[in-house]
Amino acid sequence: MSPIKPTGGFIPRDRNWQPDALTPPYKTSIKRSPQAALLSFPTTLSEETSPVFGHNILGELDNDLILNYAKPGESAIGPRIIVHGRVLDENGRGVPNALVEFWQANAGGRYRHKKEAYQAALDPNFGGCGRTITAEDGSYEFRTIQPGPYPWPNGMNDWRPAHIHFSVFGHGFAQRLITQMYFEGDPHIKLCPIVGVLKSQEAVDALTALLDMNRTVPMDSRAYKFDMVLRGRRQTYFENRKEGL
Amino acid sequence: MTQRLDYLKESPSQTAGPYVHIGCTPNFTGIEIYGGDLGTSMKTGPVKGEEITIKGVVYDGTGTPLRDAMVEIWQPDAAGLFASANETRGQADPNFTGWGRSPGDMNTGEFTFETVKPGAVPFPDGRMQAPHITVWIVARGINLGLHTRIYFADEADANAADPILTRIEHQNRIPTLLAEKSADGSYRFDIHLQGPKETIFFDI
Ligand SMILES: [Fe+3]
């Protein structure tokens, strides 16, 4: 049992680092962005707690998008990859038992969704979603196919870089985060209005996964490493000093 | 060169996009997996306290309902205890998860939560807060998930003493945080992303 209890208030969110609500080149933000000032308060118990997800909710194939929607004996089509990394907090500690959910287009850039308008083919063996829960050190991994870039209605010819969407649940509702992972070297990254909401090259880099040849499986899968950082606590409670420092 | 503090930066947020339901409520989109969607039910058995229903719609700045949003709520049980690993004040109702997730209705965008009226929870300084539910909204066009709170219009005394509500500069916007009882007995809590009825969102 770790002596460090995950309680205590969260470090304020850095609004100079996180994207603004109103980002006109990403057109949908224009009518969906609040305009009044946000109401700032220190976190309370309502934000410092969150639900607990046990590893027992996971099925064997939940973190294998190559197989979790495939017919028996078949598998999803496309470049096979492993995505792995750690969920950390701003203090650099691994976040154990974080629920990580992910979704993506197939190898051709097509989502399995009624509203999807891109003509690329559906892969009958690819659903496009998976989930896992981080280990004690905050690490996670899953297997999937590398998604393709796809066009989307914004400018008259905007394409998303290949990406995987992530939803992460830490230990406090204040940590709740949704983001996207991009792939090293994708020429669409610098053209995309959604990537463009990020305020610095450093922020873009923070969402760009590198090819990780150390984790590849020879003759099977390449690997990409993607760490994610959730908000950290301002203070850490110790068992023998419950009020903290 | 000075030393460095060496804190990490929080991962930058990106929009949940139009297909957040594939990832977070796949069964809702017709992808049958996991044996069901997480957060569909907040009750795992008979619960303590007053059972309530909360309904609402997320509207954009033109008054159009969002049909691609995901709304999550998080709250304590009727006694004010959270079903959380870091709840240190007692044992929450074992049949109540406190957490709900809704993709909204496919056609109308209306979200519905079957839950219990939350108990009061203290503010960090020890004063009691009015009963409330924490809400988190993501959707296409929202670059960073929006936090707000549901308070209850029928808790006027508690609301009048709430440490957060009383500090809001524009008191005329407080009704945007109040769930009102509807004719059918459910509570109504609509969320307006923008415009004259813009909901108060929290930087919390
Ligand atoms: Fe996408």
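As the structure is a prediction and not an experimental result, all values here were calculated from the model.

(A) Structural context of the overall build of chain A. Within chain A, the secondary structure is distributed over two helices and 14 strands. Against the compact-globule benchmark of 18 Å for 245 residues, chain A has a radius of gyration of 19 Å, which places it among compact chains. Dimensions along the principal axes, computed over C-alpha positions, put chain A at roughly 60 × 45 × 30 Å. Residues classed as buried in chain A amount to 55% of the 245 residues present. Partitioning the contacts of chain A with sequence separation of at least 6, the portion at a separation of at least 24 is 73%. For chain A, the accessible surface area stands at approximately 10,900 Å², while carbon and sulfur atoms represent 57% of it.

(B) Structural detail: the overall build of chain B. Scanning chain B for helices and strands turns up two helices and 11 strands. When its helices and strands are written in sequence order, chain B yields α-β-β-β-β-β-β-β-α-β-β-β-β. In terms of C-alpha radius of gyration, chain B reaches 18 Å, essentially the compact-globule figure of 17 Å for 204 residues. Considered along the principal axes of its C-alpha atoms, chain B spans approximately 65 × 45 × 40 Å.

(C) Just the state of the cysteines, in detail. Going through the model one piece at a time under the given rule, you end up with zero disulfides over all chains. Distance from the sulfur of Cys129 of chain A, which forms no disulfide, to the nearest cysteine sulfur (Cys24 of chain B) is 9.5 Å. Cysteine Cys192 of chain A remains unbridged, with the sulfur of Cys24 of chain B as its closest cysteine sulfur at 20 Å.

(D) Inspection of the coordination of the iron ion at higher detail. Residue and element names in this part refer to chain A. The iron ion binds to the protein through Tyr111 (OH), Tyr150 (OH), His163 (NE2) and His165 (NE2); the donor distances cover 1.9 to 2.2 Å. For the iron ion, the four donor atoms in the first shell make angles of 88 to 159° at the metal, so the coordination geometry reads as irregular. Positions of the donor residues of the iron ion, expressed as sequence spacing, correspond to Y-x38-Y-x12-H-x1-H.

(E) Expanded view of empty space enclosed by the protein. Residues and elements named next belong to chain B. In the structure shown here, the tally under the stated rule is one cavity of 30 Å³ or more. Estimated volume of the largest cavity: approximately 50 Å³. Lining the largest cavity are Val58, Leu66, Arg67, Ala69, Val71, Ser102, Pro103, Gly104, Gly109 and Phe111. The residue makeup of the lining of the largest cavity, split by class, is six nonpolar, three polar and one charged.

(F) Structural view of the pairing of strand β5 (residues 129-133) of chain A. Residues and elements named next belong to chain A. With five of five residues buried, β5 lies mostly within the body of the structure. Relative to β5, strand β4 (residues 99-103) runs antiparallel, the two being bridged by five bridges. What sits directly across from Leu99, in β5, is Ile133.

(G) Just the interface of chain B and chain A, in detail. At the junction of the two partners, chain B supplies 73 residues and chain A supplies 88 residues. Our count for the contact surface shared by chain B and chain A stands at seven salt bridges. Note that Asp14 of chain A is salt-bridged to Lys9 of chain B, the shortest N-O span being 2.6 Å. Connecting chain B to chain A are 44 residue pairs in polar contact (both at pLDDT 80 or more). Put simply, the parts of the chain that give the side of chain B that touches chain A at least two residues each are α1 (20-24), β3 (70-74), β4 (99-102), β6 (132-138), β7 (146-152) and β11 (202-203) of chain B. The residue inventory of the side of chain B that touches chain A, partitioned by class, reads 41 nonpolar, 18 polar and 14 charged. The sheet contact formed by strand β2 (residues 39-40) of chain A and β11 of chain B spans two bridges and is parallel. Its bridge partner lying in β11 of chain B, Ser40 of chain A is registered against Asp203 of chain B.

(H) The arrangement of the packing of aromatic side chains in detail. Counted by the stated rule, this structure contains 19 aromatic pairs over all chains. Here the aromatic rings of Tyr26 of chain A and Trp152 of chain A are separated by 5.8 Å at their centres, their planes lie at 65°, and the arrangement is edge-to-face. Of this pair, Tyr26 of chain A sits in the loop between β1 (4-5) and β2 while Trp152 of chain A sits in strand β7 (residues 150-152), and the two are 126 residues apart along the sequence. Classification of Tyr26 of chain A as buried rests on a relative accessible area of 1%. Classification of Trp152 of chain A by relative accessible area gives buried; the value is 12%. Ring geometry for Phe183 of chain A and Tyr224 of chain A: centres 4.9 Å apart, planes at 85°, overall edge-to-face. On the criterion of sequence distance, the pair formed by Phe183 of chain A in strand β10 (residues 177-183) and Tyr224 of chain A in strand β12 (residues 222-225) is long-range, its members being 41 residues apart. On the basis of relative accessible area, Phe183 of chain A is assigned to the buried category, the value being 2%. The class for Tyr224 of chain A is buried, based on a relative accessible area of 5%. Taken together through their ring pairs, the aromatic side chains of Phe102, Tyr140, Phe142, Phe166 and Phe226 of chain A make up a single cluster. Arg131 of chain A extends its terminal NZ or CZ atom over the ring of Tyr34 of chain B, reaching a point 3.8 Å from the ring centre.

Definitions and limits used
- Residues numbered from 1 in each chain as written.
- Chains lettered and ligands numbered in written order.
- Predicted model: local features only at pLDDT ≥ 70, side-chain atom pairs only at ≥ 80, totals over all residues.
- Heavy atoms only, no water.
- Helix = DSSP H or I, 4+ residues; strand = E, 2+ residues; numbered from the N terminus.
- Rg over C-alpha atoms; globule rule 2.2 N^0.38 Å.
- Buried < 20%, exposed > 50% of the residue type's maximum accessible area, 1.4 Å probe, protein only.
- Contact = heavy atoms within 4.5 Å.
- Areas by Shrake-Rupley, 256 points an atom, 1.4 Å probe, with all protein chains shown as cover.
- Disulfide = S-S within 2.5 Å.
- Donors = N, O, S within 2.8 Å, 3.2 Å for Na, K, Ca; no water.
- Tetrahedral: all angles 85-135°; square planar, octahedral: opposite > 155°, others 65-115°.
- 1 Å grid on protein atoms, 1.4 Å probe; cavity = no way out; pocket = protein on both sides within 12 Å on 5 of 7 lines; lining within 4 Å.
- Points joined across faces, edges and corners; volume = space filled by probe spheres on them.
- Nonpolar A, V, L, I, M, F, W, Y, C, P; charged D, E, K, R; others polar.
- Pairing = 2+ DSSP bridges.
- Salt bridge = Lys/Arg side-chain N within 4 Å of Asp/Glu carboxyl O.
- Polar contact = N/O pair within 3.5 Å; in protein donor to acceptor, adjacent residues only side chain to side chain.
- Phe/Tyr/Trp six-rings, centres within 6.5 Å; stacked < 30°, edge-to-face > 60°.
- Lys NZ or Arg CZ within 6 Å of the ring centre and 35° of its normal.

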